[in-house]
Amino acid sequence: MTRKYFGTDGVRGRVGEAPITPDFVMRLGYSAGKVLIAHEASRGYPQTGERPAVLIGKDTRISGYMLEAALEAGFSAAGVDVCLVGPMPTPAVAYLTRALRLQAGIVISASHNPYYDNGIKFFSAYGTKLPDAIEAEIEAGIDAPLTCVDSAELGRARRINDAAGRYIEFCKSTFPNDLDLRGLKIVVDCAHGAAYHIAPHVLHELGAEVSTIGTEPNGLNINEDVGATAPRALREAVLAQQADLGIALDGDGDRVMMVDAAGNVYDGDQLLFAVVRSRLRQGAVAGVVGTLMTNLAFEHAMAELRVPFARASVGDRYVMELLKQKGWLYGGENSGHILCLDKHTTGDGIVSALQVLSALREAGGDLQALLGSLTLYPQKLINVPLVKGFPWKEHALIASTQREVEAGLDGAGRVLLRASGTEPLLRVMVEGRDADKVLAAAEKLAAAVREAVSS
């Protein structure tokens, strides 16, 4: 699919600049509404006498108010009812859409990006990302003139006041009934994001002693030096409070990082490994999906456990697609997106953390012991600003430098160049057994990319 507006995770950009403007978002809502109505019509919707309905949630960015109103107007003009839940983690919208039997869920969020960015992403009635074909239909209608159904057919809006409580209970249901978190002191970092009023309650109600950071959103501080993309704040809090564990979420609550009592930070690869080892103790694991960024040590560890492993393109939607294709249940990214399809239809930072915590309770010990012999290989990622449309794949300097760097690793590492699906960046990643070689190789390749772009 050639995407004009949709990236790997919905539509995203800087607020006030195309496409994240009120008029565009209203047209996006209108087009999505018309597509939903057409699909409902194919299932007999005109005979039911009911309008299709969607759920709209958002994170804590100040622009969420504006974009929420624009989306609501677009859906209403198309004749679609809207259920509003306010600030709510992305995976909560996926769950609530499915639980309330609605036709789609929409999240207003730019995930781990700064407050001045925002975006729109969609979930199907089944709590999964929209198929490419549906996104293509929505895109095709965005630039068409916006009209309006007759007044009697306009969509209505209502607020679901118990949405947070419903989702808290769902999260708790993914933790074993015969276990609890009593005796654990846990610091949770909500990145001043959508989980600020959810995650602390989940952990407390399961018995943990909970302290928090990143739970005072003001519309401008989401992800600012806190959360899964900046775990230093959590590490310092865990050490200062002599806590047993720390859990860091990102702004929309679908990523997770963890910190142990010694201040060691654990990324998505390590946490996924802990979950897979736990599931193996309960029975067989058919296979695990990672991405092109998954640490090579994880792949080797899966081989030692005799668990099939496959790599997808970067992005949790591609991990999901490959899991569905293979009929497997577990996958994830080193950034902290973890999919446990036996518990949820999408990546969920809180649910993923609970799976690690249940593994700890069942196995005893600490996070380090839970990982056994897994030691990640040194990996260096450098983000280089990229001019839109720059042909980096065909650039001679970049290609020759990449060949030179790969030769220098002498078969003991990997090199990966990829354009970000959400930001104007080229991600330069080098991985290998020798940390000094990895760092030097990554810096050399990144310097070549900068030179190529600037010229």
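The rules we used
Residues numbered from 1 in each chain as written. Predicted model: local features only at pLDDT ≥ 70, side-chain atom pairs only at ≥ 80, totals over all residues. Heavy atoms only, no water. Pairing = 2+ DSSP bridges. Helix = DSSP H or I, 4+ residues; strand = E, 2+ residues; numbered from the N terminus. Axes fitted to C-alpha atoms, helices over the stretch in contact; angles between N-to-C directions. Salt bridge = Lys/Arg side-chain N within 4 Å of Asp/Glu carboxyl O. Buried < 20%, exposed > 50% of the residue type's maximum accessible area, 1.4 Å probe, protein only. Contact = heavy atoms within 4.5 Å. Patch = residues over 30% accessible without salt bridge, like charges linked within 9 Å, V, L, I, M, F, W, Y side chains within 5 Å. Areas by Shrake-Rupley, 256 points an atom, 1.4 Å probe, with all protein chains shown as cover. Parallel < 35°, antiparallel > 145°, perpendicular 65-115°, else oblique. Left-handed = near helix turned anticlockwise from the far one by under 90°. Nonpolar A, V, L, I, M, F, W, Y, C, P; charged D, E, K, R; others polar. Phe/Tyr/Trp six-rings, centres within 6.5 Å; stacked < 30°, edge-to-face > 60°. Lys NZ or Arg CZ within 6 Å of the ring centre and 35° of its normal.

Chemist: Would you mind going over the sheet that holds strand S15 (residues 338–340) in detail, with residue names and values included?
Modeler: Read across the sheet, four strands follow the order S13-S12-S14-S15 without closing on themselves; strand pairing throughout is mixed. Both outer strands of the open sheet, strand S13 (309–312) and S15, are each paired with one neighbouring strand and no more. The mean angle between the axes of side-by-side strands here comes to 20 degrees, regardless of whether they run parallel or antiparallel. Bridge count between strand S12 (residues 288–291) and strand S14 (residues 330–332): two bridges; the pairing is parallel. Bridging across to S14, Val-288 finds its partner in Tyr-330.

Chemist: Describe the pattern of salt bridges, naming the residues involved and giving the relevant values.
Modeler: Side-chain pairs of opposite charge can arise whenever the charged atoms involved come near each other. This model, assessed by the stated rule, comprises 23 salt bridges. Between Asp-9 and Arg-12 there is a salt bridge, and its shortest N-O distance comes to 3.6 Å. For Asp-9, a relative accessible area of 11% corresponds to the buried category. Through salt bridges with shared partners, a single ionic network connects Asp-9, Arg-12, Lys-121, Lys-129, Asp-252, Asp-254 and Asp-316.

Chemist: Can you tell me about the environment of Ser-335, naming the residues and giving the values?
Modeler: Along the chain, Ser-335 falls in the loop between S14 and S15. Residues Ser-335 and Asp-143, 192 residues apart in the sequence, show an inter-C-alpha distance of 34 Å. Leaving out residues up to four positions away in the same chain, Ser-335 has contacts with Arg-255 and Met-257.

Chemist: How would you sum up the sheet that holds strand S2 (residues 53–58)? Please name residues and give values.
Modeler: What links the strands of a sheet is backbone hydrogen bonding, and the strands pair in either a parallel or an antiparallel sense. Strands sit in the order S1-S5-S4-S2-S3-S6 across an open sheet of six strands; the sheet is mixed. The open sheet is flanked by strand S1 (11–14) and strand S6 (157–159), the only strands paired with a single partner. Here the average twist between neighbouring strands, direction ignored, is 20 degrees. Where S1 and strand S5 (residues 117–124) come together, four bridges link them in antiparallel fashion. Residue pairing across strands places Val-11 opposite Ile-120, the latter belonging to S5.

Chemist: Please provide a residue-by-residue account of a nonpolar patch on the surface, values included.
Modeler: There is a patch of nonpolar side chains on the surface, built from Ile-62, Tyr-65, Tyr-115, Tyr-116 and Leu-220 and spanning about 500 Å² of accessible area. By the element assignment, Tyr-65 lies in helix H3 (residues 63–78). For Tyr-65, a relative accessible area of 59% corresponds to the exposed category.

Chemist: Let's hear about the packing of helix H1 (residues 22–41) against helix H5 (residues 132–142): which residues, and what values?
Modeler: Where H1 meets H5, the closest approach of the two axes is 8 Å, and the angle between their N-to-C directions is 125 degrees. Between H1 and H5, the crossing angle belongs to the class labelled oblique. In this structure, H1 crosses over H5, and the sense of that crossing is right-handed. Of H5, the residues touching H1 (which contributes Phe-24, Arg-27, Leu-28, Ser-31, Ala-32, Val-35 and His-39) are Ile-134, Glu-137, Ile-138, Gly-141 and Ile-142.

Chemist: Please set out the pairing of S12 residue by residue, giving values where relevant.
Modeler: Judged by which residues are buried, S12 turns out to be covered on both faces: Val-288 and Gly-290 on one side and Val-289 and Thr-291 on the other are all buried. Examined bridge by bridge, S12 and S13 share four bridges and lie parallel to one another. For Thr-291, the partnering residue across the bridge sits in S13 and is Ala-312.

Chemist: Residue-level account of the packing of helix H6 (residues 163–173) against helix H12 (residues 349–363), with values.
Modeler: As a packed pair, H6 and H12 sit with axes 9 Å apart at the nearest point and diverge in direction by 30 degrees. As far as their axial angle goes, H12 and H6 are roughly parallel. Helix-helix and strand crossings are classified by hand; for H6 and H12 the assignment is right-handed. Taken together, the residues of H12 that come into contact with H6 (itself represented by Tyr-167, Phe-170 and Cys-171) are Ile-350, Val-351 and Leu-354. Its residues assigned to classes, the contact of H6 with H12 shows six nonpolar, no polar and no charged.

Chemist: How would you sum up unusual backbone geometry? Please name residues and give values.
Modeler: Residues Ala-18 and Pro-19 are joined by a peptide bond in cis, for which omega reads 5 degrees. With respect to the element layout, Pro-19 can be found in the loop between S1 and H1. The backbone phi angle of Asn-223 is positive, close to 65 degrees, even though this residue is not glycine. Mapping Asn-223 onto the fold places it in the loop between strand S8 (209–213) and helix H8 (232–241).

Chemist: Any chance you could break down the packing of aromatic side chains for me, citing the residues and the numbers?
Modeler: Under the defined criterion, the tally for this structure stands at seven aromatic pairs. Arranged with centres 6.2 Å apart and planes meeting at 25 degrees, the rings of Tyr-167 and Phe-170 form a pair that is stacked. Taken together, the residues span about one helical turn, with Tyr-167 and Phe-170 both in helix H6 at a distance of three residues. The class of Tyr-167 is buried, set by a relative accessible area of 0%. Phe-170 sits in the buried class, given a relative accessible area of 10%. An aromatic cluster of at least three residues, connected via ring pairs, comprises Tyr-95, Tyr-167 and Phe-170. Cation over ring: Lys-58 sits above Tyr-65, and NZ or CZ is 3.9 Å from the ring centre.

Shape is all these values report; function is a separate question.
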